[in-house]
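Structural description and commentary
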Amino acid sequence: AQSVTQPDIHITVSEGASLELRCNYSYGATPYLFWYVQSPGQGLQLLLKYFSGDTLVQGIKGFEAEFKRSQSSFNLRKPSVHWSDAAEYFCAVGGDTGRRALTFGSGTRLQVQP
Amino acid sequence: GAVVSQHPSWVICKSGTSVKIECRSLDFQATTMFWYRQFPKQSLMLMATSNEGSKATYEQGVEKDKFLINHASLTLSTLTVTSAHPEDSSFYICSARVLAGKNEQFFGPGTRLTVL
């Protein structure tokens with residue numbers, strides 16, 4: 001069975017500081033990995049995705065993530081956080097076959113201090 | 001491209017009534033759509049997989065008679081919450097998988113259901 005763990009429920013960073021959100025996954029085959037962001041009361045916005053190839057993935061809004069198979073991790077990073085980045089972030093894993101739904105982590109709430 | 005819409009975006013209904021939520025892929029065809037449910041401050045939990053032209057596949061613990069799913073075309077899936085109760089109040093989000101290619105899914109904006 002596939003699963004995703006986001007160890008940090010809540011993170012607070014200062015504006016301009018760097019950010020790293022952790023994500024560990026469990027999946028029996030080649031995983032497809034995603035990071036989504038959700039503002040309160042809103043739907044999901046895809047930040048970036050990993051299917052194959054280069055393990056460092058660039059996304060929108062200055063985010064990037066690195067796939068590390070040996071650590072079963074797909075951590076999200078941003079070098080300088082903006083106040084508008086405050087939101088809930090979800091990591092998700094899916095498969096490359098069939099009609100597989102995504103499995104989401106529990107989310108990390110990011111708060112940005114001025 | 002790859003836009004998914006949901007209608008309505010929010011709905012308030014009385015206990016005991018039924019509510020239908022539509023999920024449409026606007027510019028692509030989707031043989032498979034997924035319905036998720038999200039309680040406040042929680043993650044998304046898969047409710048069911050909606051397959052065009054066939055019966056939906058429900059996750060364990062989801063009542064298929066309460067949450068009716070119909071996927072009549074390659075661009076439309078509907079979720080009907082029957083005899084709604086306050087505990088059904090939640091944020092319902094659908095996603096649609098592109099017909100061909102990798103397992104990339106596009107999410108709708110969600111529907112906020114409040115049952116009084």
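The structure contained in this document is the topic of the report that follows. Source: prediction; values computed, not measured. (Residues numbered from 1 in each chain as written. Chains lettered and ligands numbered in written order. Predicted model: local features only at pLDDT ≥ 70, side-chain atom pairs only at ≥ 80, totals over all residues. Heavy atoms only, no water.)

1. A short note on the state of the cysteines
Residue and element names in this part refer to chain A. Rules: Two cysteine sulfurs form a disulfide in these notes if their separation is within 2.5 Å. Strands here mean DSSP runs of E at least two residues long; helices mean DSSP runs of H or I at least four residues long; both are numbered from the N terminus.
In this structure the tally under the stated criterion is two disulfides over all chains. Paired by a disulfide, Cys23 and Cys91 hold their sulfur atoms 2.0 Å apart. When the S-S torsion is -65 degrees, as for the bridge of Cys23 with Cys91, the disulfide is left-handed. On the criterion of sequence distance, the pair formed by Cys23 in the loop between β3 (19-21) and β4 (24-26) and Cys91 in strand β10 (residues 87-94) is long-range, its members being 68 residues apart.

2. Focus: the pairing of strand β3 (residues 19-25) of chain B
Regular strands place their side chains on alternate faces of the sheet. Residue and element names in this part refer to chain B. Applicable threshold: Burial classes: relative accessible area under 20% of the type maximum marks a residue as buried, over 50% as exposed, and values in between as partly exposed (1.4 Å probe, protein chains only). Strands are labelled as partners when DSSP assigns at least two bridges between them.
Taking every second residue as pointing to the same face, the buried face of β3 carries Val19, Ile21, Cys23 and Ser25, while none of Lys20, Glu22 and Arg24 on the other face is buried. In the sheet, strand β1 (residues 4-7) pairs with β3 via four bridges, with the strands oriented antiparallel. Bridging from a neighbouring strand, Ser5 pairs with Arg24 of β3. Of the strand pairs in this sheet, β3 and strand β8 (residues 76-81) are connected by six bridges, and their pairing is antiparallel. Across the sheet, residue Ile21 finds its bridge partner in β8, namely Leu79.

3. Here we look at the pattern of salt bridges
Selection criterion: Every case where a carboxyl oxygen of Asp or Glu lies within 4 Å of a side-chain nitrogen of Lys or Arg is listed as a salt bridge.
For the coordinates displayed, the defined rule picks out seven salt bridges over all chains. In this structure, Arg77 of chain A engages Glu64 of chain A in a salt bridge whose closest nitrogen and oxygen atoms are separated by 3.2 Å. Of this pair, Arg77 of chain A sits in strand β9 (residues 73-78) while Glu64 of chain A sits in strand β8 (residues 64-68), and the two are 13 residues apart along the sequence. Among the salt bridges present, the one from Glu22 of chain B reaches Arg24 of chain B, with a minimum N-O distance of 3.5 Å.

4. A short note on the interface of chain B and chain A
Defined as follows: Only heavy atoms enter the contact rule, under which two residues are in contact if any of them lie within 4.5 Å. By buried area we mean the combined loss of accessible area, with a 1.4 Å probe, across both parts when two parts are placed together. Polar contact is the term for a pair of N or O atoms within 3.5 Å; when the atoms are in protein, one must be able to donate a hydrogen and the other to accept it, and sequence-neighboring residues count only if both atoms are side-chain atoms.
Listed as interface residues are 21 residues of chain B and, on the opposing side, 22 residues of chain A. Roughly 1,700 Å² of surface becomes buried between chain B and chain A when both sides are summed, with 54% attributable to carbon and sulfur atoms. Where chain B packs against chain A, one counts four residue pairs in polar contact (both at pLDDT 80 or more). Those elements giving two or more residues to the side of chain B that touches chain A turn out to be β4 (32-38), β5 (44-51), β9 (90-97) and β10 (105-107) of chain B.

5. Looking at the environment of Gly105 of chain A
Along the chain, Gly105 of chain A turns up in the loop between β11 (103-104) and β12 (108-113). Expressed as a C-alpha distance, the spacing of Gly105 of chain A and Gln6 of chain A, which sit 99 residues apart in the sequence, is 5.7 Å. If we ignore the near neighbours within four places in the chain, the residues touching Gly105 of chain A are Val4, Gln6, Phe90 and Cys91 of chain A together with Ser43 of chain B.

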